[in-house]
Amino acid sequence: MSDEPIGPKPNTGSGFDWIAPVYDALAFVVFGRKLQQAQLTFLNRIPHDATILLVGGGTGWLLEQVLIKCKPRRVLYLELSARMVAKASHRMVKNGVVGSVEFRVGDVRDLPTDEPFDILITPFLLDLFPESTLQTDVIPRLLRILKPTSLWLVTDFVATHVWWQKALLWSMIRFFQLTAGIEAKQLPDWQRFLADAGLIRQESQPQVGGMVRAEIWGR
Ligand SMILES: C[S@@+](CC[C@H](N)C(=O)[O-])C[C@H]1O[C@@H](n2cnc3c(N)ncnc32)[C@H](O)[C@@H]1O
């Protein structure tokens, strides 16, 4: 019997098509280069010649850095937004970045392979889902491509007690609900669910004044 959930999956991000043209500019206006810096934190832990699954990479600026800095054997670039994928592939051509990349438009919950990868990267992806979806759908699906030696690089927002960071997080979740149709109504406790899934946190660094964490998880 299939362990896939029955029925259509609610939308988490094809609405990002709509904001793809302005996504990077919006992030820059609010956070400057801090969100990008957070995602670069642990790229130096990726060995050369690795196979990498990058999910929710957006317009492709991180892919470019991964290709230049990590020299991977192969990258599978999985994105729900066709416009984000178009921007990412265009960026590679425009900037003359070389590397073996398979661009695929699709939902992480329908990841059509159990092929193991050395490295999994999810940059600002996990916070788009409600906790129940993370627990029953997203994390179990991603665990299937992790080998005992694989590393999972997560960068994402975390709960904070600082009032203006709370207000900013609340506004961002409302903004992405309205513009991109994300399902999350509040910030999910993704760290707890990774630990509950049996993963072990190997490194963790606070970023963006503590409202973001860059982490490495493994089996
Ligand atoms: C908040 S944006 C972050 C983009 C990029 N990581 C960055 O920081 O610039 C989330 C990205 O995840 C993608 N996404 C949303 N839901 C997804 C899903 N279910 N499967 C794959 N990608 C998804 C969106 O299209 C969007 O590009």
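Note that this is a predicted model, so its numbers are computed, not measured. Every chain is numbered on its own, with residues counted from 1 as its sequence reads. Confidence filtering applies because this is a predicted model: local features only for residues at pLDDT of at least 70, side-chain atom pairs given and counted only at 80 or more, and all residues used for totals across whole chains, interfaces and linings. For side-chain calculations, the full set of non-hydrogen atoms in the structure is used, while hydrogens and water are omitted.

Grid points spaced at 1 Å over the protein atoms alone were grouped into cavities, where a 1.4 Å probe fits but cannot get out, and pockets, open sets with protein on both sides within 12 Å along at least five of seven lines, with lining residues defined by an atom within 4 Å of a point. Grid points are joined across faces, edges and corners, and a volume is the space filled by probe spheres set on the points. Counted by the stated rule, this structure contains one cavity of 30 Å³ or more. Looking at the largest cavity, its volume works out to about 60 Å³. Around the largest cavity, the lining residues are Ala38, Gln39, Thr41, Phe42, Leu62, Ile121, Leu153, Val154, Thr155, Ala214 and Glu215. Helix and strand definitions here come from DSSP, where helices need a minimum of 4 consecutive H or I residues and strands a minimum of 2 consecutive E residues; each element is numbered from the N-terminal end. The set of elements that each furnish at least two residues to the lining of the largest cavity consists of α3 (34-40), β5 (146-157) and β7 (212-218). In terms of residue count, β5 provides more of the lining of the largest cavity than any other element does, three residues in total. Under the scheme applied here, ten amino acids are nonpolar (Ala, Val, Leu, Ile, Met, Phe, Trp, Tyr, Cys and Pro), four are charged (Asp, Glu, Lys and Arg), and all others, including Gly, are polar. Among the residues making up the lining of the largest cavity, the classes are represented as seven nonpolar, three polar and one charged.

This part is about the UniProt feature "domain: Methyltransferase" (unreviewed entry) in the chain. Taking the numbering used here, the UniProt-annotated feature "domain: Methyltransferase" (unreviewed entry) corresponds to residues 52-148. Counting secondary structure, residues 52-148 comes out at 37% helix and 26% strand; the distance between its end C-alpha atoms is 15 Å. UniProt positions are given in the numbering used here, feature names are shortened, and annotations may be inferred rather than shown by experiment.

The subject of this paragraph is the pairing of strand β2 (residues 74-79). In this scheme, a residue with accessible area under 20% of its type's maximum is buried, one over 50% is exposed, and one in between is partly exposed, where area comes from a 1.4 Å probe on protein chains only. Within β2, five of the six residues are buried, leaving the element largely enclosed by the surrounding structure. Only when DSSP finds a minimum of two bridges between them are two strands counted as paired. Here five bridges tie strand β1 (residues 51-55) to β2, and the two strands are oriented parallel to one another. In the strand pairing of β2, Thr51 is matched with Arg74. Look down the strands so they point away from you; if going from the first strand over the helix to the second traces a clockwise path, that crossover is right-handed. On the question of chirality, the crossover connecting β1 to the parallel β2 by way of helix α4 (residues 61-70) is right-handed. Summarising the sheet, β2 and strand β3 (residues 101-105) pair through five bridges and their orientation is parallel.

A surface patch of nonpolar side chains, amounting to about 220 Å² of accessible area, comprises Val22, Leu26 and Phe175. Summarising the element assignment, Val22 is placed in the loop between α1 (16-19) and α2 (23-31). The partly exposed category is assigned to Val22, whose relative accessible area is 41%. Residues forming no salt bridge and having over 30% relative accessible area are the ones grouped into patches, like charges within 9 Å of each other and nonpolar side chains (Val, Leu, Ile, Met, Phe, Trp, Tyr) within 5 Å. Accessible areas in this description were obtained via Shrake-Rupley with a 1.4 Å probe; residue shielding takes into account the shown protein chains only. The salt bridge criterion pairs a side-chain nitrogen of Lys or Arg with a carboxyl oxygen of Asp or Glu, the two atoms within 4 Å.

Read across the sheet, seven strands follow the order β3-β2-β1-β4-β5-β7-β6 without closing on themselves; strand pairing throughout is mixed. A single partner strand is all that each edge strand has here, and the edge strands are β3 and β6 (200-207). When the angles between neighbouring strand axes are averaged without regard to direction, this sheet yields 15°. Lines fitted to C-alpha atoms define the axes, with helix axes restricted to the stretch in contact, and inter-axis angles between N-to-C directions lie between 0 and 180 degrees.

Another aspect to go through is the environment of Glu79. Structurally, the position occupied by Glu79 is in strand β2. Distance from Glu79 to Asp24, taken between C-alpha atoms, is 16 Å for residues 55 residues apart in sequence. Sequence-distant contacts of Glu79, that is, excluding residues within four places in its chain, are made with Gly56, Gly57, Gly58, Met84, Val85, Arg104, Val105 and Gly106. Under the rule applied, a polar contact is a pair of N or O atoms within 3.5 Å (in protein, one hydrogen donor and one hydrogen acceptor; residues adjacent in sequence only if both atoms are side-chain atoms). Only 3.4 Å separates the side chain of Glu79 from the backbone nitrogen of Gly57, close enough to count as a polar contact. Only 3.1 Å separates the side chain of Glu79 from the backbone nitrogen of Ser81, close enough to count as a polar contact. In what follows, residue pairs with any heavy atoms lying within 4.5 Å of each other are defined as contacts.

Any two of the Phe, Tyr and Trp rings considered here, Trp counted by its six-membered ring, make a pair once their centres fall within 6.5 Å; the pair's planes then place it as stacked at under 30 degrees, edge-to-face at over 60, or tilted in between. In this structure the tally under the stated criterion is seven aromatic pairs. Seen in terms of ring centroids, Tyr77 and Phe103 are 5.5 Å apart; in terms of plane orientation they differ by 70°. Their pairing is edge-to-face. Of this pair, Tyr77 sits in strand β2 while Phe103 is found in strand β3, placing the two residues 26 residues apart along the sequence. Overall, the relative accessible area of 27% leaves Phe103 in the partly exposed class. Through pairs of rings, three or more aromatic residues link up here, namely Phe16, Tyr23, Phe175 and Phe176.

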